[in-house]
Amino acid sequence: MQTPADRDTTPVPNGGAAGVIHDIGYQRYDGSRLGRGYLLRTLFLDTLRGCYGFGRSAKSKIMPLVLFGFGCLPAIIIAVILNAFGGEELPMTYPEYLWTLSMLVSIYVAGQAPQAVSRDLRFRATSLYFSRPLRRGDYVVAKFAAMTAAVLIFTGVPMLILYLGTLLAKLPFWEQTGDVLVGLVGALLTALVLGGISLVIAAITPRRGFGVAAIITVLLVANSVAGVVFGVAQETGRETLSAYAWVLSPTGLVDGVLVGLFDLPAVNGVSPPGTTGCLVYLSVTVLLVSACAGLLLGRYRKVSVS
Amino acid sequence: MNGVVARLTLRSLLGRRRAILLACLPALLLLMAVAIRWMAGPDDDLAGNVLGHLVAGTMIPLLALIAGTGAIGPEIDDGSIIYLLSKPLSRYRIAVTKFVAATGVVLVFGVVPTLIAGYVLTGQVSRLALGFTLGATAAGTAYCALYLALAVLSRHAVVIGLLYAVVWESIIGGFVPGAQALSVQQWAMSLTQRVIGDQAAELGAKAAVGLSTGVVLLSVVTVASVWYTGWRLRGLRLTGDE
Amino acid sequence: MSAIVLSNVSRWFGNVVAVNDVTMTIGPGVTGLLGPNGAGKSTLIHMMGGFLAPSTGSVTLDDEPTWRNERLYRRIGLVPEREAMYDVVTGWEFVLANARLHRLPDPAGAARTALATVEMTNARDRQIATYSKGMKQRIKMASALVHDPPVLLLDEPFNGMDPRQRLSLMDLLHTMGEQGRTVLFSSHILEEVEQIAGSIQVMVAGRHAASGDFREIRRLMTERPHQYTIRSSDDRALASMLIADASTQGVQVLTQNTKTPGTDPEGLRVQAVDFARFVRVLPWYARERGIRLFEVSPADESLESVFSYLVTR
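These numbers were taken from a predicted model, which means no experiment stands behind them. Counting starts from 1 at the beginning of each chain's written sequence and moves along it residue by residue. To label them, take the chains in the order written and letter them from A, then take the ligands in the order written and number them from 1. The model is predicted, so local features are restricted to residues of pLDDT at least 70 and side-chain atom pairs to those at 80 or more, both for listing and for counting; the totals for chains, interfaces and linings are taken over all residues.

### Let's talk about the overall build of chain A
Piece 1. In terms of helices and strands, chain A carries ten helices and two strands.
Piece 2. Order of helices (α) and strands (β) in chain A, N terminus to C terminus: β-β-α-α-α-α-α-α-α-α-α-α.
Piece 3. It is over C-alpha atoms that the radius of gyration is taken, and the globule rule equals 2.2 Å times the number of residues to the power 0.38. Taking 306 residues into account, the globule formula puts the C-alpha radius of gyration at 19 Å, and chain A, at 25 Å, lies well above it.
Piece 4. Along the longest, intermediate and shortest principal axes, the C-alpha atoms of chain A span 95 × 45 × 30 Å.
Piece 5. Around each residue's C-beta, the other C-beta atoms within 10 Å are counted; 20 or more make the residue buried, 12 or fewer make it exposed, and counts in between make it partly exposed. All C-beta atoms are placed from the backbone. Per-residue burial over chain A gives 43% buried out of 306 residues. Helix and strand definitions follow DSSP, with helices as H or I runs of at least four residues and strands as E runs of at least two, each counted in order from the N terminus.

Have a look at this one:
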């Protein structure tokens, strides 16, 4: 690198005699610039990497990677046992595995969503982004996509490990492939729902610690409330209510969609009744995700540029 | 105790957004209680289930997490704690005050609603309602102390606290019986179980540890955590932003 | 009258040595703690304020160690570098809370006095979050002054202040020093240090590079050539005599720019290697040749040059 001092510092006459502007070596850039697409991609990749602590301090890598390891561990164990001792099928279906991951995923998004957006807001870095040819919508799209991808990796990788285990154990190929695809659809839906909810909350709570607490509270409380409503409805014999109780919980919602769409046996009691039920679960999911996207867009429309 | 520290702590704890979040939890609990009572009438089984899951398993740990870490975490994060530390004031006194403030918040937003919800669900000030209220008090106190200590120990106190409350107490505790012996929730449940009496197990208030073990462990954790907070404050390093 | 004494103080963080074997005494009056970023100024102030233990050596205030000694804060007023305060309260409530935390007999009176001292009485009922940077700095100052401490430690107090606020803070620090308080402030803004600090302590890369009156320090650094600008009635004649003398190392005749007269300096620029001898022989030569001296001025006596010399040594 050349420092300004190395450069030619002869004064450049500037018309009149009174003042001169010294050429201290700053250069203008007149070449072509990378456009919006590049910015979007960079922002997406940077956020995604950040969600696993890459490009951040060593300490920030611990939490996401430990959680990710916890999430993969049962899958690895199952795969190993399946290969070592043989077996006709997986001890749990892919959607059931997704269900057992739900707590871990909740903690993961609660930990990562705030760092993905709230630092930009708190230190007013958003104004720097928006002074580029990047539209506010683009920022939201990039962050949402990155968060979704991060959660998808979190839940998808263990499923792929399971799948790999079944292939190595020579379980029926097509059956497993179909099953894992269903599981991956579930993972994608989970990622969209959780990513959306967590980003909305993170974007309105610029303090990191508080953002984490707020997200986990919403997710956990939604889950427990759904569970309690389900339990009470079952005990008092209200079948319709119990069938729709899981709409209240983000993970239950996704399970409902999977069970309805792919005609699976009920996952932990989640089974939407018939076509109507499936449609209700599906439309609530779509509504929820689009509401989150809308709220995020609205939030960033309000962020001042200065 | 120090009045000024308490007031400053409460003011930041009950700031607008935090207060909304804190108030959401009891509001939801009461809403659920009323709805269930309306659907099912007074029912001890249901009440035990609801209070066990919603109060002991979710609400109290979360409230204590928000209050316990919130009582000191943000101040350490942004460095304003220095205004408390640069005073001729015992660090232990600061720790105790913060602990009392956080516990007070949990009492108001967690324990009182528990009693009301118990009353609504069972239709009377029953042993069940009292048992869970006592359990919530004990658990809230211990959690607050624990999370306060966590907040002076690490900047990631909220996530670590969550891992403890959710992963350790619920998930691991669900599979590994030994893990339950090291769970604030279970220790407090021993109190609940004792108050409810013989029917406790049927009502979902079965603790993994005995009463005396529970009480001793609760007290030890609470006292040790508050003491540790004070000790840690004596040598707190005030570093810059992340 | 209080004195902070550091003897053989070192502080390291892991492998990084932030402060390396520093011995200094900060007495009454205003002392400037000077150094570039990362020189260890904040670490020093934190140790003086009792927030860090020295890894070796001792930091004492009036013979009491500062580390883990909470009683000492009765005598220390601390203005931290970071801006964060309890934002949701008003300036008045904040200063009053500080007074109460000190358990002063009349907290309200003390808070009123402190606010008046920093001229924040008018804005005292506004939330701190609404304050400008300078106002926040003054509220921090008020909270440090509220218990009338004999020792004031200020970490980068001039950061982010506009020139007018700077002037008033300089006045305030000056008054505090006059009153016999021990005032220590860190800075890398040299002109303020130069103007108000009775003495300076210079830190460079964790080491105590210099201390005392800055002109005195300057004089002590004899191995460094001193530069003078001289204008006289016969520059070239004077130049020939000066270069012949052992006290100088180089003489440059500054020629006048003919295109734009008056814009460039004219006269001589003299590098003196023997400071004491040079100031003696110069008038003597001048009188001998009948040369009139119009101007003799040190070209680099500002603190800035002392400082940059120390830093780049």
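### Section: the overall build of chain C
Piece 1. Across its full length, chain C holds ten helices and 14 strands.
Piece 2. Across the 313 residues that make up chain C, the buried fraction comes to 41%.
Piece 3. Two residues qualify as a contact pair if the distance between their C-beta atoms, derived from the backbone, is within 7 Å. Summarising the internal contacts of chain C: among those between residues at least 6 apart in sequence, 69% fall at separations of at least 24.

### Thoughts on the interface of chain B and chain A
Piece 1. In this assembly, 31 residues from chain B lie in contact with 24 residues from chain A.
Piece 2. When contributions to the side of chain B that touches chain A are tallied by element, the ones reaching two or more residues are helix H2 (16-40), helix H3 (44-70), helix H4 (73-78) and helix H8 (157-175) of chain B.
Piece 3. A per-class count over the side of chain B that touches chain A returns 21 nonpolar, seven polar and three charged. Put simply, Ala, Val, Leu, Ile, Met, Phe, Trp, Tyr, Cys and Pro go in the nonpolar bin, Asp, Glu, Lys and Arg in the charged bin, and everything else, Gly too, in the polar bin.

### Structural notes on the sheet that holds strand S14 (residues 293-298) of chain C
All names here are of chain C.
Piece 1. A sheet is described by the order of its strands in space; here four strands give the open sequence S12-S13-S11-S14, paired in antiparallel fashion. A strand with exactly one partner marks an edge of an open sheet, and here the two such strands are strand S12 (248-254) and S14. Each strand of the sheet is rotated relative to its neighbour by a mean of 20°, with strand direction disregarded.
Piece 2. Whether two strands pair depends on DSSP finding at least two bridges between them. Of the strand pairs in this sheet, S12 and strand S13 (residues 267-272) are connected by six bridges, and their pairing is antiparallel. When the sheet's bridge partners are listed, Thr248 is paired in S13 with Ala272.
Piece 3. Angles run from 0 to 180 degrees between N-to-C directions of axes, and those axes are lines fitted to C-alpha atoms, restricted for helices to the stretch in contact. Where helix H8 (residues 235-244) meets the sheet, it contacts strand S11 (226-232), S12 and S13, and its direction lies at approximately 165° from that of S12.

### Quick notes on unusual backbone geometry
With glycine set apart, most residues show a phi of negative sign, and most peptide bonds adopt trans.
Residue and element names in this part refer to chain C.
Piece 1. A positive phi angle, close to 55°, is found at Arg68, a residue other than glycine.
Piece 2. Inspection of the secondary structure assignment puts Arg68 in the loop between strand S5 (64-65) and strand S6 (76-79).
Piece 3. In the Ramachandran plot, Arg103 falls in the positive-phi region, its phi being about 55° despite a non-glycine side chain.
Piece 4. Mapped onto the elements, Arg103 comes out in the loop between helix H2 (91-101) and helix H3 (107-117).
Piece 5. Of the residues examined, Arg103 has 14 C-beta atoms within 10 Å and is grouped as partly exposed.

### Let's talk about H3(C)
Residues and elements named next belong to chain C.
Piece 1. Among all positions of H3, only Pro107, Ala110, Ala111, Ala114 and Leu115 are buried. Along the long axis of H3, the arc covered by the buried residues comes to 130°, so they all point the same way. For H3, the exposed residues set more than 90 degrees away from the buried face come down to Gly109 and Ala116.
Piece 2. Along its buried surface, H3 packs onto H2 and helix H4 (133-145).
Piece 3. Note on H3: the residue one or two positions beyond its end, Glu119, has a positive phi of about 55°. The arc in question is traced by the directions running from the helix axis to the C-beta atoms.

### Details of the confidence of the model for chain A
Piece 1. Confidence per residue, as judged by the predictor, is encoded in pLDDT with a range of 0 to 100. Model confidence for chain A is summarised by a mean pLDDT of 85, while 92% of its residues fall at 70 or above.
Piece 2. Throughout residues 1-16 of chain A the model reports pLDDT below 50, and contacts reaching past four residues in sequence, or to other chains, amount to 18 contacts.

### Regarding the nonpolar core
Piece 1. Ranked by internal contacts, the top residues of the largest apolar core, which has 241 residues, are A:Ile107, B:Leu63 and C:Val95.
Piece 2. Tallying contributions element by element places helix H7 (residues 127-153) of chain B first for this core, with 17 residues.
Piece 3. Beyond its immediate stretch of four places on either side in the chain, B:Leu63 contacts B:Leu22, B:Leu25, B:Val106, B:Phe109, B:Gly110 and B:Gly140.
Piece 4. Here, a nonpolar core denotes buried Ala, Val, Leu, Ile, Met, Phe, Trp, Tyr and Cys residues that are linked to one another through C-beta atoms within 7 Å. Core analysis: the next-biggest nonpolar cluster, separate from the first, contains eleven residues, C:Leu238, C:Val270, C:Leu282 and C:Ala286 among them.

### Quick look at the packing of helix H6 (residues 91-122) of chain B against H7(B)
All names here are of chain B.
Piece 1. Two numbers describe how H6 lies on H7: the axes approach to 9 Å, and their chain directions differ by 160°. Relative to H7, the element H6 is oriented roughly antiparallel. Crossing geometry of H6 relative to H7 is assigned as right-handed.
Piece 2. Of the residues assigned to the contact of H6 with H7, the class counts are 14 nonpolar, nine polar and one charged. Geometric relationships in this document are graded by angle, where less than 35 degrees denotes roughly parallel, more than 145 denotes roughly antiparallel, 65 to 115 denotes roughly perpendicular, and other angles denote oblique. Each crossing gets its handedness from the near helix: less than a right angle anticlockwise from the far helix is left-handed, clockwise is right-handed.

### Examining the pairing of S13(C)
Piece 1. Relative to S13(C), S11(C) is paired through five bridges, and the arrangement is antiparallel. By the bridge assignment for S13(C), C:Tyr228 is matched with C:Val270.

### What to know about the pairing of strand S7 (residues 151-154) of chain C
Residue and element names in this part refer to chain C.
Piece 1. Both faces of S7 are covered, namely the face carrying Val151 and Leu153 and the face carrying Leu152 and Leu154.
Piece 2. Across four bridges, the pairing between S6 and S7 is parallel. Across the sheet, the residue bridging to Leu78 is Leu153, located in S7.
Piece 3. Bridge count for S7 against strand S8 (residues 182-187) is four bridges, and the pairing is parallel. For Leu152, the partnering residue across the bridge sits in S8 and is Val183.

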